[in-house]
Amino acid sequence: MPLHRVVRIALAALVGQAAARRGRSCFQKYVNGRRTRAVLIAAVALGLLAAPNATAAQQPAKTPRVGLLRPGAPPDPYVEAFRQGLRDLGYVEGRTIALEYRWAEGSPARLAPLAAELVQLKVDVIVTQGEQATRAVKEATGTIPIVMATSGDPVEAGLVASLGHPGGNVTGMGSLVPELTAKRLQLLKEVVPKVSRVAILFNPNLSIALSVKEAQAAARTLGLRALPVEVRTPDELGRAFDTIAKERAQALLLFGDPFTVTHEGRILDLAVK
């Protein structure tokens, strides 16, 4: 696939994810007016969007095949937002682009075999969400372009060598927003002045240790007691909320990682009980 098509699809993924986030629950939104440090590793190729190379223009049109590796199960608002992003760029599923879907249905163990399936199909590009899915595809192929629509710190996660020189076949966006956690806690304190204990629910299998430390530091600054609670699988959610209740937490801080997004329905149900 010509590089300008890969970049178009990358942009569709990023625009689509942003659109989906605007409609998701409040803990995933950027609430501060400051500019967050988003890393679009494919930015160097953006010029190709306006000026495809002559060789690509002379070749017969080929319908690109895009693999989507999703951590959850359908229906998926992120996928619909991705389709809309493609339509905005002139790609219509089933006519000018083919999409191959693979769903992990909340099971990280399924990501590796599903990634292998997409590689065997010889798709032109694979779109992922989150660290675990991106790593599964990266381990399955070193040649097919990988677009990570969202990730935390791709360097910390070992997905790219560096932000300036990522290398390899991974492109996309990573959100580096150390000030965001502090802002969320500040807003919480303003809305609920009497709050004193905040539980931090996180999956230690993901590279968000820095975010947890930042949350703890921000909580101390605001006079809050932070209560980190680990949860690795959906089966552990009940136990995690038992711990939160036992510690008498008055608020809950969540991160927008794939685990939280996939299981947010159950997490919110448990939180309001």
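Residues numbered from 1 in each chain as written. Predicted model: local features only at pLDDT ≥ 70, side-chain atom pairs only at ≥ 80, totals over all residues. Heavy atoms only, no water.

### A word on the overall build of the chain
Check the secondary structure of the chain and you find 11 helices and 9 strands. Evaluated residue by residue, the chain yields a buried proportion of 45% over its 273 residues. When contacts within the chain are restricted to residue pairs at least 6 apart in sequence, long-range pairs at least 24 apart make up 72% of them. Accessible area of the chain: about 13500 Å², with a carbon and sulfur share of 55%. (Helix = DSSP H or I, 4+ residues; strand = E, 2+ residues; numbered from the N terminus. Buried < 20%, exposed > 50% of the residue type's maximum accessible area, 1.4 Å probe, protein only. Contact = heavy atoms within 4.5 Å. Areas by Shrake-Rupley, 256 points an atom, 1.4 Å probe, with all protein chains shown as cover.)

### Brief notes about helix H4 (residues 77-88)
Taking 1.5 Å of rise per residue, 12 residues should cover 16 Å, and H4 covers 16 Å from first to last C-alpha, within 8% of that figure. Buried residues of H4: Tyr 78, Val 79, Ala 81, Phe 82, Gly 85 and Leu 86, and no others. Axial view of H4: buried residues confined to an arc of 160 degrees, hence all on one face. Two to three positions downstream of the cap, the backbone nitrogen of Tyr 78 sits 2.8 Å from a side-chain oxygen, assigning the N-cap of H4 to Asp 76. (Expected span 1.5 Å × (residues − 1). Arc of directions from axis to C-beta. Polar contact = N/O pair within 3.5 Å; in protein donor to acceptor, adjacent residues only side chain to side chain.)

### Description of the pairing of strand S3 (residues 98-103)
Note: strand S2 (residues 65-70) against S3, 6 bridges, orientation parallel. Bridge pairing in S3 places Leu 68 opposite Tyr 101. Handedness of the crossover is the feature at issue here: the chain leaves S2, passes through H4, returns alongside S3, and the resulting connection is right-handed. (Pairing = 2+ DSSP bridges. Right-handed = clockwise from strand over helix to strand, strands pointing away.)

From the geometry alone we can't say anything about function, so treat these as descriptive.
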